[in-house]
Amino acid sequence: MSDSSPNLDIESGRQALGGARRIIVLTGAGISADSGVPTFRGPGGLWKDHRPEDLATPGAFARDPRLVWEWYGCRRTLVAQCEPSVAHLALARWAAGRDGIRIITQNVDGLHAEAARRCARKRQLAPAGTSERTPAQDAGAVLELHGSLFRTRCPGCGASRESRESIDATSEATLPRCDRCGTTLRPDVVWFGESLDSQVLERSFELAEQAGACLVVGTSGVVQPAASIASVSARAGAVIVEVNPEPTPITKLADVSLRGRAAEIVPELV
Ligand code: BJW
Ligand code: ZN
């Protein structure tokens, strides 16, 4: 449902979400902006100084793996110093405390999973009987559409693994290599022109169709197929609540549109 003047008040957002049994939360770079992670588009965004086709395509990696790793190495160093924001933490608490809430993120920074781990740790410290979930279950509940900055994948044999060490991109010879086959590893993220993990994507669309509400936080809504998760939910009859300082293509689908930063609005909303 939508009209040309979406509702702007937080209480309406709370009611919309409170009335739904199953909820998906679709997030983008804006939610991590409050943690100090740069967004992609807009002033100060990563694409202001870099062309996506030079850094975030398979062609770019084939042409100049050193340049691509230099950029990802810098981003890994920056993100490793960032903490989940109050919005990540509020969503993690919300999802851990109620069945039927799933977070689907386009972000590769791991901050939702980190927030879920912190929340699970706190719940484990709570008196016995108050927590039913394990940390692994809570961290696993986050669906990461575009992969992870802290994983590498081998283009040769397909092996993928967690990786947090710093990247030496001084030359092609110093780039990380596969233990099994020696091929130069790549970041395990989804670049333009590449398919998303089919299981993660199918599960996300399935959840979108079943959801009674879809909360969209901090995405420009221009990258497909992620953005269409919100439209699939809307078509299936879900109420759409958007949190973003700026209007986006998703705004026209939104029943409740909350203009502001995630860190200001999300903790109040959920
Ligand atoms: C705040 C805030 C605060 C600020 N609080 N909010 C159909 C039609 C047209 C094109 C396509 C299509 N299907 C596929 C395509 C091609 C392409 C695409 O979508 N292109 C469009 C850009 C035109 N898609 C793909 O190639 C995808 N693959 C695919 O579909 O495969 C099959 C296929 C291939 C080819 C043709 C057809 C089919 C893959 C997309 C992979 C995207 N990868 C990236 C990089 C990941 C790795 C990395 O991090 O380096 O993912 S690009 C980048 O954009 C990143 C993000 O996850 C993604 C989305 O960005 P996001 O999160 O929305 O961030 P921003 O910066 O755009 O917006 C931030 C928002 O936050 C703004 O709205 C701010 O206002 C707000 N904000 N501060 C709350 N404090
Ligand atoms: Zn290999």
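It should be emphasised that the depicted structure is a prediction, and the values quoted were computed from it without experimental measurement.

The next subject is the coordination of the zinc ion (ligand 2). Bound to the zinc ion (ligand 2) on the protein side are Cys154 (SG), Cys157 (SG), Cys178 (SG) and Cys181 (SG), at distances that span 2.3 Å. Classification of the site at the zinc ion (ligand 2) as tetrahedral follows from its four donor atoms and the range of 97 to 123° in their angles at the metal. Spacing between the donor residues of the zinc ion (ligand 2) along their common chain follows C-x2-C-x20-C-x2-C. Of this pair, Cys154 sits in the loop between strand E4 (147-153) and strand E5 (160-162) while Cys181 sits in the loop between E5 and strand E6 (186-189), and the two are 27 residues apart along the sequence. For Cys154, a relative accessible area of 2% gives the class buried. The class for Cys181 is partly exposed, based on a relative accessible area of 39%.

Here the focus is the packing of aromatic side chains. Ring pairs (aromatic) are described by centroid distance and by the angle formed between their planes. Per the stated rule, a full pass over the model turns up five aromatic pairs. Summarising the aromatic geometry, the rings of Phe40 and Trp47 are spaced 5.3 Å apart at their centres and angled 45° between planes, so their arrangement reads as tilted. A relative accessible area of 16% places Trp47 in the buried class. One aromatic cluster is present, formed by Phe40, Trp47, Phe61, Trp71, Tyr72 and Trp191 through successive ring pairs. A cation over an aromatic ring shows up here: Arg75 above the ring of Trp71, its NZ or CZ 4.5 Å from the ring centre. Directly above the ring of Trp191 sits Arg186, whose terminal nitrogen or CZ lies 3.9 Å from the centroid.

A few words on the site of ligand 1. Near ligand 1 lie 34 residues; those nearest to it are Arg41, Tyr72, Glu194, Thr219 and Ser220. Within the side chain of Asp34, one N or O atom sits 3.1 Å away from a nitrogen atom of ligand 1. The contact in question runs from a nitrogen atom of ligand 1 to an N or O atom on the backbone of Val190, over 2.9 Å. In the complex, 74% of the free accessible area of ligand 1, which totals 1500 Å², lies under the protein chains. When the residues that make up the shell around ligand 1 are grouped by side-chain class, the tally is 16 nonpolar, twelve polar and six charged.

Let's shift gears to the packing of helix H6 (residues 86-97) against helix H11 (residues 262-269). Look at H6 against H11: their axes get within 8 Å of each other, and the N-to-C directions meet at 20°. Between H6 and H11, the angle is such that the two are roughly parallel. Our pair here, H6 against H11, has a crossing hand that is left-handed. Contacts from Val86, Ala87, Ala90 and Leu91 of H6 reach H11 at Ala262, Ala263, Val266 and Pro267. In the contact of H6 with H11, the residues fall into eight nonpolar, no polar and no charged.

The end-to-end C-alpha separation of helix H9 (residues 198-210) is 18 Å, in line with the 18 Å expected for 13 residues at 1.5 Å each. Those residues of H9 not exposed but buried are Val200, Leu201, Ser204, Leu207 and Ala208. Looking straight down H9, one finds its buried side chains confined to an arc of 130°; they lie on one side. Away from its buried face, by an angle of more than 90 degrees, H9 presents the exposed residues Gln199, Glu202 and Glu209. Packed against the buried residues of H9 are strand E1 (23-27), strand E2 (101-105), strand E3 (142-144) and helix H10 (228-235). At the N-terminal end of H9, a side-chain oxygen is found 3.0 Å from the backbone nitrogen of Gln199, two or three residues along, and the residue is Asp197.

Another point: the environment of Trp94. Locating Trp94 in the fold gives a position in helix H6. What makes Trp94 buried here is its relative accessible area of 12%. In this structure, Trp94 is in contact with Leu17, Ile23, Val25, Ile101, Leu215 and Val270, ignoring residues within four places of it in sequence.

Another aspect to go through is the confidence of the model for the protein chain. In this model, the protein chain carries an average pLDDT of 91, and 91% of its residues clear a pLDDT of 70 or more. Note on residues 129-140: pLDDT is under 50 here. Beyond four places in sequence and across chains, it has 17 contacts.

Analysis parameters
- Residues numbered from 1 in each chain as written.
- Chains lettered and ligands numbered in written order.
- Predicted model: local features only at pLDDT ≥ 70, side-chain atom pairs only at ≥ 80, totals over all residues.
- Heavy atoms only, no water.
- Donors = N, O, S within 2.8 Å, 3.2 Å for Na, K, Ca; no water.
- Tetrahedral: all angles 85-135°; square planar, octahedral: opposite > 155°, others 65-115°.
- Helix = DSSP H or I, 4+ residues; strand = E, 2+ residues; numbered from the N terminus.
- Buried < 20%, exposed > 50% of the residue type's maximum accessible area, 1.4 Å probe, protein only.
- Phe/Tyr/Trp six-rings, centres within 6.5 Å; stacked < 30°, edge-to-face > 60°.
- Lys NZ or Arg CZ within 6 Å of the ring centre and 35° of its normal.
- Near = heavy atom within 4 Å.
- Polar contact = N/O pair within 3.5 Å; in protein donor to acceptor, adjacent residues only side chain to side chain.
- Areas by Shrake-Rupley, 256 points an atom, 1.4 Å probe, with all protein chains shown as cover.
- Nonpolar A, V, L, I, M, F, W, Y, C, P; charged D, E, K, R; others polar.
- Axes fitted to C-alpha atoms, helices over the stretch in contact; angles between N-to-C directions.
- Parallel < 35°, antiparallel > 145°, perpendicular 65-115°, else oblique.
- Left-handed = near helix turned anticlockwise from the far one by under 90°.
- Contact = heavy atoms within 4.5 Å.
- Expected span 1.5 Å × (residues − 1).
- Arc of directions from axis to C-beta.
- pLDDT = per-residue confidence, 0-100.

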